[in-house]
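Each chain, letter by letter, is given below.
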Amino acid sequence: MLKIAYHPIYKHPLPEGHRFPMEKYDLLPQQLLHEGTCTNHNFFEPQKPNDKHIVAIHDPEYYYDLVNVTLDQRAARKIGFPLSRTLVEREVLIADGTIKASEFAIKHGIAMNIAGGTHHAYTNRGEAFCLLNDQAIGARYLQKKGLAQKILIVDLDVHQGNGTAEIFQNDDSVFTFSMHGKSNYPFKKELSDLDIALDNDTNDNTYLKILKDTLPKLIDEQQPDFIYYLSGVDVIASDKLGKLGLSIEGCKERDRFVLQTCKDQSIPVMCSMGGGYSADIKIIVNAHANTYRLAQEIFF
């Protein structure tokens, strides 16, 4: 069965007019249930994990400043959300959703988190709507539990996974691959193990050819025993914060190729949703829902 991490806290109240589409975290599971892609049995609620799993990745002083809401104002502003205990609790639960989904992926081949993909969170700071790096936390958890040794992070959000790159910059056991918009945020990029920076308005055909030429070779070279997939839908042409030119169908074909490749290679894959900022919330929800539809079609 496809297992999906979801908690009502994922939809966090924001000031009116905030550009982050927080409502998608309620609308996406509703859509999946409405259309019959999922039932209530597919969903599980994350809980607060042991702090040791978080400080295995994040600097303890930074983490406890978050938990106690004592982060200095300049650092808090870079996060982009008003800092509060509830917001931090939300991020901690998202991290646990990814931890538990990682274990479910080992059992069932794939598992998902309705939220997550918080790849702009560094070891000792957060930025751009990211406080804690959920996939980095999940990767280290699997390694410490002896459930995986070599991990590949496939980050196809429109923005470079700068925090993930920094966290694993001196760690050969986790290979970071980011394919993103060249002129998108972050304007100062970090060095992933493999970065592919795409020109503005890159279309479906160009994008998919690059991906299909790259991912199988990468898997063959690195021989990962677990893959994290960050399936941001901000690659779509209508996205307000992205500059690429993919159609919804192109984005779906991207997901199909990644998931089918994982299935064919018998490599467990855990998916975090990442970004999506189209003006029409229906486009965001439909594009994210495609990832779940394909997971059911390919793995179950």
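Since the model is a prediction, treat every value here as computed from it, not as a measurement.

1. Regarding the nonpolar core
Here comes step 1: Judged by nonpolar contacts, the single largest core of 96 residues is most densely connected at Ile-114, Phe-177, Tyr-207 and Leu-259.
Here comes step 2: Here this core gets 10 residues from one element, more than from any other, and that element is helix H5 (residues 85-108).
Here comes step 3: Excluding residues within four positions of it along the chain, Ile-114 makes contact with Ile-4, Ala-5, Tyr-6, Tyr-10, Tyr-25, Leu-28, Pro-29, Leu-32, Phe-43, Met-273 and Tyr-292.

2. Considering the packing of helix H8 (residues 204-222) against helix H9 (residues 248-265)
Angle between the axes and distance between the axes: these two values describe a pair of packed helices.
Here comes step 1: Between H8 and H9, the shortest axis-to-axis distance is 10 Å and the interhelical angle comes to 15°. Here H8 is positioned roughly parallel relative to H9, judged by the angle of their axes. As H8 packs across H9, the resulting crossing turns out to be right-handed. Here Asp-204, Tyr-207, Leu-208, Leu-211, Lys-212, Leu-215, Pro-216 and Ile-219 of H8 lie close against H9, whose contacting residues are Gly-250, Glu-253, Arg-254, Phe-257, Val-258, Thr-261 and Gln-265.
Here comes step 2: Its residues placed into classes, the contact of H8 with H9 shows eight nonpolar, three polar and four charged.

3. Observations concerning the side chain of Asp-239
Here comes step 1: Position of Asp-239 relative to the elements: it lies in the loop between strand S7 (226-230) and H9.
Here comes step 2: Look at Asp-239: it is buried, it has no salt bridge, and the nearest opposite charge is Lys-24 at 7.9 Å.
Here comes step 3: Reaching out from Asp-239, the side chain makes a polar contact with the backbone nitrogen of Leu-241 at a distance of 2.9 Å.
Here comes step 4: In contact with Asp-239, not counting residues within four places along its chain, are Val-233, Asp-234, Gly-276, Tyr-277 and Ser-278.

4. What about empty space enclosed by the protein?
Here comes step 1: Applying the stated rule across the entire model yields one cavity of 30 Å³ or more.
Here comes step 2: Approximately 50 Å³ is the volume found for the largest cavity.
Here comes step 3: Lining the largest cavity are His-119, Gln-135, Ile-153, Asp-155, Gly-161, Thr-164, Ala-165, Thr-176, Phe-177, Ser-178, Ser-192 and Leu-230.
Here comes step 4: Among the elements of the structure, strand S4 (151-155), helix H7 (162-167) and strand S5 (174-181) are those that each provide at least two residues to the lining of the largest cavity.
Here comes step 5: It is S5 that provides the largest number of residues to the lining of the largest cavity, a total of three residues.
Here comes step 6: For the lining of the largest cavity, the residue count by class is four nonpolar, seven polar and one charged.

5. Some details on the packing of H9 against helix H10 (residues 281-299)
Here comes step 1: Running from N to C, H9 and H10 point in directions that differ by 30°, and their axes come no closer than 9 Å. Between H9 and H10, the interaxial angle falls into the category roughly parallel. In the packing of H9 onto H10, the handedness of the crossing is right-handed. Judged by residue contacts, Ile-248, Lys-252, Asp-255, Arg-256, Leu-259, Gln-260, Cys-262 and Lys-263 of H9 engage Ile-283, Asn-286, Asn-290, Thr-291, Leu-294, Ala-295, Glu-297, Ile-298 and Phe-299 from H10.
Here comes step 2: Of the residues assigned to the contact of H9 with H10, the class counts are eight nonpolar, four polar and five charged.

6. Some words on unusual backbone geometry
Here comes step 1: Cis geometry is found at the peptide bond from Tyr-185 to Pro-186, where omega equals -5°.
Here comes step 2: When you line up the elements, Pro-186 lands in the loop between S5 and strand S6 (194-198).
Here comes step 3: Of note, Ala-128 is a non-glycine position whose phi angle comes to about 50°, a positive value.
Here comes step 4: By the element assignment, Ala-128 lies in the loop between strand S3 (110-113) and helix H6 (134-144).
Here comes step 5: Overall, Ala-128 belongs to the partly exposed group, its relative accessible area being 21%.
Here comes step 6: Even without a glycine there, the phi angle at Phe-129 is positive, about 70°.
Here comes step 7: Along the chain, Phe-129 turns up in the loop between S3 and H6.

7. Things to note about the sheet that holds S4
Sheet strands associate in pairs through backbone hydrogen bonding, adopting either a parallel or an antiparallel arrangement.
Here comes step 1: Strands sit in the order S2-S1-S3-S8-S7-S4-S5-S6 across an open sheet of eight strands; the sheet is parallel. Where the open sheet ends on each side, the last strands, each with one partner, are strand S2 (43-44) and S6.
Here comes step 2: Judged from the five bridges that link them, S5 and S6 form a sheet pairing that is parallel. Paired with His-180 across the strands is Ala-197, a residue of S6.
Here comes step 3: The strands touched by H10 within the sheet are strand S1 (3-5), S3 and strand S8 (269-272), with S3 carrying the most contacts at an inclination of about 165°.

8. So, helix H3 (residues 60-67)
Here comes step 1: Three or more residues of H3 are buried, namely Tyr-62, Tyr-63 and Leu-66. Considered in projection along H3, the buried side chains sweep an arc of 95° and stay on one side of the axis.
Here comes step 2: Residues of H3 that are buried sit in contact with helix H2 (51-55), helix H4 (73-79) and H5.
Here comes step 3: For H3, the side-chain oxygen to backbone nitrogen distance between the N-cap and Glu-61 is 3.1 Å, and the N-cap itself is Asp-59.

Parameters at a glance
Residues numbered from 1 in each chain as written. Predicted model: local features only at pLDDT ≥ 70, side-chain atom pairs only at ≥ 80, totals over all residues. Heavy atoms only, no water. Core = buried A, V, L, I, M, F, W, Y, C linked by side-chain atoms within 4.5 Å. Buried < 20%, exposed > 50% of the residue type's maximum accessible area, 1.4 Å probe, protein only. Helix = DSSP H or I, 4+ residues; strand = E, 2+ residues; numbered from the N terminus. Contact = heavy atoms within 4.5 Å. Axes fitted to C-alpha atoms, helices over the stretch in contact; angles between N-to-C directions. Parallel < 35°, antiparallel > 145°, perpendicular 65-115°, else oblique. Left-handed = near helix turned anticlockwise from the far one by under 90°. Nonpolar A, V, L, I, M, F, W, Y, C, P; charged D, E, K, R; others polar. Lys, Arg positive; Asp, Glu negative; His and termini not counted. Salt bridge = Lys/Arg side-chain N within 4 Å of Asp/Glu carboxyl O. Polar contact = N/O pair within 3.5 Å; in protein donor to acceptor, adjacent residues only side chain to side chain. 1 Å grid on protein atoms, 1.4 Å probe; cavity = no way out; pocket = protein on both sides within 12 Å on 5 of 7 lines; lining within 4 Å. Points joined across faces, edges and corners; volume = space filled by probe spheres on them. Pairing = 2+ DSSP bridges. Arc of directions from axis to C-beta.

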